[in-house]
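# Observations on the three-dimensional arrangement
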Amino acid sequence: MIDGPIYIKCEKGAKLSIGNNVFFNHNCSITAHSSISIGDGCNIANNVVIVDHNHKISSNGVENTFSIKNVTIGKKYGLVQIQQSFLE
């Protein structure tokens, strides 16, 4: 279910999986370069951005390449748990 505008983009060869009974509030953005999986029953708040990539930055600035890490968001015991992130 979606309440308001949402932006979804999958690059060529990327995989996006959204489970059953998932709710997206307004202004969410999802961009997959490799793989994003959102499990059953997740509630995604407004203005959330979910990506599986980040720009590489060198001493010369932002490069035209990406670091990529698959993202899995699941639901366990009523709490949304992010399995992997760039924050690790």
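The following refers to the structure shown. Because the structure is predicted, anything quoted here is derived from the model rather than measured.

### Observations regarding unusual backbone geometry
Of note in this structure, Asn 21 is not a glycine but carries a positive phi near 55°. Overall, Asn 21 belongs to the exposed group, its relative accessible area being 70%. Of note in this structure, Asn 47 is not a glycine but carries a positive phi near 65°. Within the element layout of this structure, Asn 47 appears in the loop between β6 (43-44) and β7 (49-51).

### Some details on the sheet that holds β7
A sheet is described by the order of its strands in space; here three strands give the open sequence β1-β4-β7, paired in parallel fashion. Since the sheet does not close on itself, it has two edges, and those belong to β1 (6-10) and β7, each with one partner. Strand after strand, the sheet turns through a mean of 5° between neighbouring axes, direction not considered. Examined bridge by bridge, strand β4 (residues 28-32) and β7 share three bridges and lie parallel to one another.

### Focus: the nonpolar core
For soluble globular proteins, the rule of thumb is that nonpolar side chains tend to be buried together. Phe 24, Ile 30, Ile 36, Ile 38, Cys 42, Ile 50 and Ile 73 are the most contacted members of the largest nonpolar core, which totals 13 residues. Mapped onto this core, the elements with two or more residues apiece are β4, β5 (35-38) and β10 (71-76). It is β4 that provides the largest number of residues to this core, a total of three residues. If sequence neighbours within four positions are ignored, Phe 24 has contacts with Met 1, Ile 2, Asp 3, Ile 6, Ile 18, Ile 30, Ile 38 and Ile 44.

Here is what the cut-offs are and how they apply
Residues numbered from 1 in each chain as written. Predicted model: local features only at pLDDT ≥ 70, side-chain atom pairs only at ≥ 80, totals over all residues. Heavy atoms only, no water. Buried < 20%, exposed > 50% of the residue type's maximum accessible area, 1.4 Å probe, protein only. Helix = DSSP H or I, 4+ residues; strand = E, 2+ residues; numbered from the N terminus. Pairing = 2+ DSSP bridges. Axes fitted to C-alpha atoms, helices over the stretch in contact; angles between N-to-C directions. Core = buried A, V, L, I, M, F, W, Y, C linked by side-chain atoms within 4.5 Å. Contact = heavy atoms within 4.5 Å.

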